[in-house]
Structures are given as structure tokens and as C-alpha cells.
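# Topology and contacts: notes
The residues making up each chain are set out below.
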Amino acid sequence: MKTRLFFLLLSTCLLTKAAWTQNKDNPVALAINGEVKAPTKITAAEILGMKQTPAMLKDRDGKEHTYTGVPIQDLLNKAGVTTGKQLHGENLAKYLLVKCADGYEVVFSLAELDNEFTDRQVILAHQVDGGPLPSGKGPFRLVVPGEKRPARSCFQVVEMVVRFAKD
Ligand SMILES: Nc1nc2c(c(=O)[nH]1)N[C@H]1C(S)=C(S)[C@@H](COP(=O)(O)O)O[C@H]1N2
Ligand SMILES: [Mo]
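Cut-offs and rules
- Residues numbered from 1 in each chain as written.
- Chains lettered and ligands numbered in written order.
- Predicted model: local features only at pLDDT ≥ 70, side-chain atom pairs only at ≥ 80, totals over all residues.
- Heavy atoms only, no water.
- Near = heavy atom within 4 Å.
- Polar contact = N/O pair within 3.5 Å; in protein donor to acceptor, adjacent residues only side chain to side chain.
- Areas by Shrake-Rupley, 256 points an atom, 1.4 Å probe, with all protein chains shown as cover.
- Nonpolar A, V, L, I, M, F, W, Y, C, P; charged D, E, K, R; others polar.
- Buried < 20%, exposed > 50% of the residue type's maximum accessible area, 1.4 Å probe, protein only.
- Helix = DSSP H or I, 4+ residues; strand = E, 2+ residues; numbered from the N terminus.
- Pairing = 2+ DSSP bridges.
- Contact = heavy atoms within 4.5 Å.
- Axes fitted to C-alpha atoms, helices over the stretch in contact; angles between N-to-C directions.

## So, the site of ligand 1
If you check the shell around ligand 1, you find Asp59, Arg60, Cys100, Asp102, Tyr104, Lys137, Arg141, Pro150, Ala151, Ser153, Cys154 and Phe155 and nothing else. Side-chain polar atom of Arg141 to an oxygen atom of ligand 1: 2.9 Å apart, as the coordinates give it. Coverage of ligand 1 by the protein chains reaches 84% of its 540 Å² of free accessible surface. In terms of residue class, the shell around ligand 1 is made up of six nonpolar, one polar and five charged.

Here's what the structure looks like:
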């Protein structure tokens with residue numbers, strides 16, 4: 001009886017460790033779903049391997065910080081979201097819902113994130129002022145420059161969903 005219990009515990013430990021190792025080596029950082037060509041899961045390693053861009057953002061106390069990360073349009077292109085030249089007609093009624101680990105959510109129209117419409121570059125940041133994001137604000141934060149409040153610069157981003165606005 002004792003031996004059986006021992007092996008049961010041992011296999012539970014090994015299975016848990018296997019699942020944890022897999023997760024640790026290849027964690028999904030961000031999912032892009034909804035009205036996209038290919039629903040996509042992106043790992044932190046993939047995000048760090050993409051072209052990095054800086055963006056400035058004032059915190060809620062008015063102090064300016066330099067964030068570094070990946071242009072959101074590059075992430076949307078990975079999932080086949082309609083961007084650039086494809087952003088016309090009914091696609092102009094599409095919006096992006098950004099979901100965070102704490103339940104906070106913000107929306108953008110696709111056009112306001114697109115470099116055919118605006119020079120402002122929204123990034124998904126993983127660094128601030130040359131260091132990692134503080135705990136509770138990472139691992140990824142949207143940085144939306146050029147707004148009077150940083151309220152749409154949501155932290156702990158986990159998912160982006162594209163939808164059609166309907167009445
Ligand atoms: N996930 C998440 N992101 C969030 C919030 C939040 O509650 N949850 N608050 C927003 C608001 S209202 C503000 S003012 C800014 C504050 O950012 P700061 O800490 O850099 O000043 O974060 C924004 N991002
Ligand atoms: Mo805020």
C-alpha cells in the first residue's frame with residue numbers, strides 16, 4: 001500500500017514537473033483572436049526576437065518614461081489582421097479589444113493603430129527606462145503615446161481580440 005502511494009506521488013511530481021518545464025520554456029505571452037486570418041499564440045521569446053522600437057509615455061504623475069517593445073501593427077500582421085491597404089470598406093468598422101490579466105480592457109479602432117492612418121506608433125513594451133517592467137505591470141504593457149492620460153496604456157496584456165462593431 002505504502003509503495004503504491006509512493007509511486008503515485010512520484011508520478012504526480014514528475015508529470016507536474018514536465019508540464020511546468022514545457023510551460024517555462026515556451027510560455028504563451030499573447031493570444032490574438034477573433035476576426036483574424038490565423039488566430040495566433042505568441043511566446044515571449046518570439047516577441048523579444050522581433051524588431052524593437054522605443055515609445056515615450058508619461059505616467060499618471062506626469063513623469064516621462066522611455067519604453068521599448070514591438071510595434072503593435074507587427075503583432076497584428078502575424079495573425080493576418082487587416083492592416084495597411086486592406087483597411088478600407090467594412091474593415092474600418094473593426095476594433096481591437098485588448099485584455100489584461102487583471103480583467104482591465106481597452107478598445108481601439110484598427111484605423112487608429114495603423115501606420116497608413118497615423119504616425120503615432122503604439123507598442124507592446126517589455127522594458128521601461130532600460131530595465132524590465134516593474135512587478136504587476138509586466139511582462140507586457142501597451143504603450144499609447146500622444147494621449148492626455150495613460151489609461152489606455154494597459155499593463156499585463158494577455159490577449160487581443162479583433163471584432164466588427166455592430167449596432
Ligand atoms: N491592466 C491594467 N492596466 C492599466 C490600468 C489597470 O487598472 N489595469 N490602469 C490604467 C490607468 S487608469 C492609468 S492612469 C495607468 C497608470 O499607469 P502608470 O502606473 O504608468 O502611471 O495605467 C493604466 N493601465
Ligand atoms: Mo488612470
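## Re the pairing of strand S6 (residues 105–109)
As a general feature of sheets, a regular strand has side chains that alternate between the two faces. The side-chain alternation of S6 yields one buried face, formed by Val106 and Phe108, and one unburied face, formed by Glu105, Val107 and Ser109. Pairing of strand S5 (residues 94–100) with S6, which is carried by five bridges, proceeds in the antiparallel orientation. Across the sheet, residue Val98 finds its bridge partner in S6, namely Val106. Here S5 folds back onto S6, and the loop between the two strands holds four residues, one of which, Gly103, carries a positive phi near 90°.

## Some points on the environment of Arg163
If you trace the backbone, Arg163 turns up in strand S10 (residues 157–164). Residue classification places Arg163 among the partly exposed positions, given a relative accessible area of 36%. C-alpha of Arg163 to C-alpha of Ala93: the two residues are 70 residues apart in sequence and 8.5 Å apart in space. Aside from chain neighbours lying at most four places away, what touches Arg163 is Glu35, Ala93, Lys94, Tyr95 and Leu97.

## So, the side chain of Asp114
Checked against the element boundaries, Asp114 lands in the loop between S6 and strand S7 (123–128). From its side chain, Asp114 meets the backbone nitrogen of Glu116 in a polar contact 2.9 Å long. The residues contacting Asp114, other than those within four sequence positions of it, are Gln73, Thr83, Gly84 and Leu87.

## Section: the sheet that holds strand S1 (residues 28–34)
Spatially, S2-S1-S10-S5-S6 is the arrangement adopted by the five strands of the open sheet, whose pairing is mixed. Of all the strands in the sheet, the pair left with one neighbour each is strand S2 (40–43) and S6. Averaged over all pairs of adjacent strands, the angle between their axes in this sheet comes to 20°, without regard to strand direction. Judged from the four bridges that link them, S1 and S2 form a sheet pairing that is antiparallel. Bridge assignment links Ile32 to a residue of S2, and that residue is Thr40.

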